[in-house]
Amino acid sequence: FGMGEFTRFGLGFEYPHDWPGRCSVYEVSLLSASLNPSLAWKATDKLSLAAGVEIMYVTLDLKKRAKTPVAAIPGASFEVDSNIQNADDVGLGFNLAAHYQFNDQWAFGIQYRSKVRVHAHGDVAFTYLGSTGVPPQFEGVVQQGYNNTFRDGGADSTVILPDSISAGIAWSPTPELSIEAGAVWTRWSTFRSLNIHLPYDLPTSESRKHWKDVWRFNVGVEYDALDWLTLRAGYVFDQSPMTERYEDYLVPTDDRHIYSFGVGFKWEAWTLDLSYAYI
């Protein structure tokens, strides 16, 4: 029996508040933390099996702006800032895994992690930012219309975080050298949209995603150069889940290349490991 703590999903960035895409998003913070109690069973001398329950906490802060037309004045509009804060929830999932040790040199592992459904509840605050194309004598009427429509309150959204399958194989030609290669397939096609239900009679803020399933490939090497010194290096190719038709600014990146290296020190009962990754 064991307990793991880690993060599967995370995102954080900020654009200039007046940038052209501000009506899509200009600031976001998505944090997740998972607790994963697991049971493992050594079925044979070579085969081990495991299963666990994932308890995932997710919290989202999202800032964006909206241009609202003024019905009585053609071409006129006013801009509103919306700040969604502390939208959080706890979702449940599970994981299954197997590990097979062929011999002293070769080993293989595979794992499945389930989808996690979260229904996050938070608060939204609105701020009036001014109008465009509104004559000065009507500015007060427009602001009064804003006050009657955009009132702070609760906001909520339901998101299906994707399931994934990961597998890897390790080769140890000598006791000092280990080389591993692996892949992760993530079913981002389950992320269909990010729709936020706003308070009172405000329409739902809809954002269609229709992301695609993606692969992440990785390779790493570890070498015990000395009794007290271990050297490590790795490379990852990570595909972007977004499609051209539904491109948006929620993830400010395309496919990613990640290069990493590390060093480990051993002294009596102590170990110290340092690593660096360049994306």
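This text follows the structure it describes.
Keep in mind the model is a prediction, meaning the values are calculated, not measured.

Draft legend 1. Molecular detail of a nonpolar patch on the surface. Together, Tyr100, Phe102, Trp106, Phe108, Ile110, Ile165, Ile169, Trp171, Ile179, Val219 and Val221 make up an exposed nonpolar region whose accessible area comes to about 840 Å². Within the residue set of the nonpolar patch, elements represented by two or more residues are strand 6 (106–113), strand 9 (164–174) and strand 11 (214–226). Along the polypeptide, Val219 turns up in strand 11.

Draft legend 2. Quick peek at the layout of surface pockets. Considered as a void within the structure, the largest pocket measures approximately 1,200 Å³ in volume. Together, 40 residues line the largest pocket, and Arg8, Phe9, Gly10, Trp188 and Arg256 are the ones closest to its centre. Put simply, the parts of the chain that give the lining of the largest pocket at least two residues each are strand 3 (27–42), strand 4 (47–69), strand 6, strand 7 (116–132), strand 8 (153–161), strand 9, strand 10 (177–186) and strand 11. Within the lining of the largest pocket, the residues separate by chemical class into 24 nonpolar, 10 polar and six charged. There is about 280 Å³ of room inside the second largest pocket.

Draft legend 3. Looking closely at the nonpolar core. Core analysis: the biggest nonpolar cluster contains 41 residues, and Val28, Val70, Phe78, Phe126, Tyr146 and Phe150 have the highest contact counts within it. Residues in contact with Val70, not counting those within four places in the same chain, are Ala76, Ser77, Phe78, Val134 and Val142.

Draft legend 4. Main features of a negative patch on the surface. On the surface, a cluster of negative charge is made up of Glu244, Glu247, Asp254 and Asp255. Inspection of the secondary structure assignment puts Asp255 in the loop between strand 12 (229–238) and strand 13 (256–267).

Draft legend 5. Representation of the pattern of salt bridges. All chains considered together, the criterion is met by 11 salt bridges. Of the charged contacts, one joins Arg22 and Glu79 as a salt bridge, the two residues approaching to 2.9 Å between their closest N and O atoms. Here Glu79 lies in strand 5 (residues 77–101) and Arg22 lies in the loop between strand 2 (11–14) and strand 3, a separation of 57 residues in the sequence. Glu79 matches Arg22 in its accessibility class, with the two residues each being buried. The shortest N-O distance in the salt bridge between Glu27 and Lys63 comes to 3.8 Å. With a gap of 36 residues between them, Glu27 in strand 3 and Lys63 in strand 4 connect regions that are remote in the sequence.

Draft legend 6. Summary view of the environment of Arg187. Within the secondary structure layout, Arg187 lies in the loop between strand 10 and strand 11. Linking Arg187 and Pro241, residues 54 residues apart in sequence, is a C-alpha distance of 9.1 Å. Here Arg187 is in contact with Lys115, Pro162, Asp163 and Asp213, once residues within four sequence places are set aside.

Rules of the game
Residues numbered from 1 in each chain as written. Predicted model: local features only at pLDDT ≥ 70, side-chain atom pairs only at ≥ 80, totals over all residues. Heavy atoms only, no water. Patch = residues over 30% accessible without salt bridge, like charges linked within 9 Å, V, L, I, M, F, W, Y side chains within 5 Å. Areas by Shrake-Rupley, 256 points an atom, 1.4 Å probe, with all protein chains shown as cover. Salt bridge = Lys/Arg side-chain N within 4 Å of Asp/Glu carboxyl O. Helix = DSSP H or I, 4+ residues; strand = E, 2+ residues; numbered from the N terminus. 1 Å grid on protein atoms, 1.4 Å probe; cavity = no way out; pocket = protein on both sides within 12 Å on 5 of 7 lines; lining within 4 Å. Points joined across faces, edges and corners; volume = space filled by probe spheres on them. Nonpolar A, V, L, I, M, F, W, Y, C, P; charged D, E, K, R; others polar. Core = buried A, V, L, I, M, F, W, Y, C linked by side-chain atoms within 4.5 Å. Buried < 20%, exposed > 50% of the residue type's maximum accessible area, 1.4 Å probe, protein only. Contact = heavy atoms within 4.5 Å. Lys, Arg positive; Asp, Glu negative; His and termini not counted. Charge placed at Lys NZ, Arg CZ, Asp CG, Glu CD.

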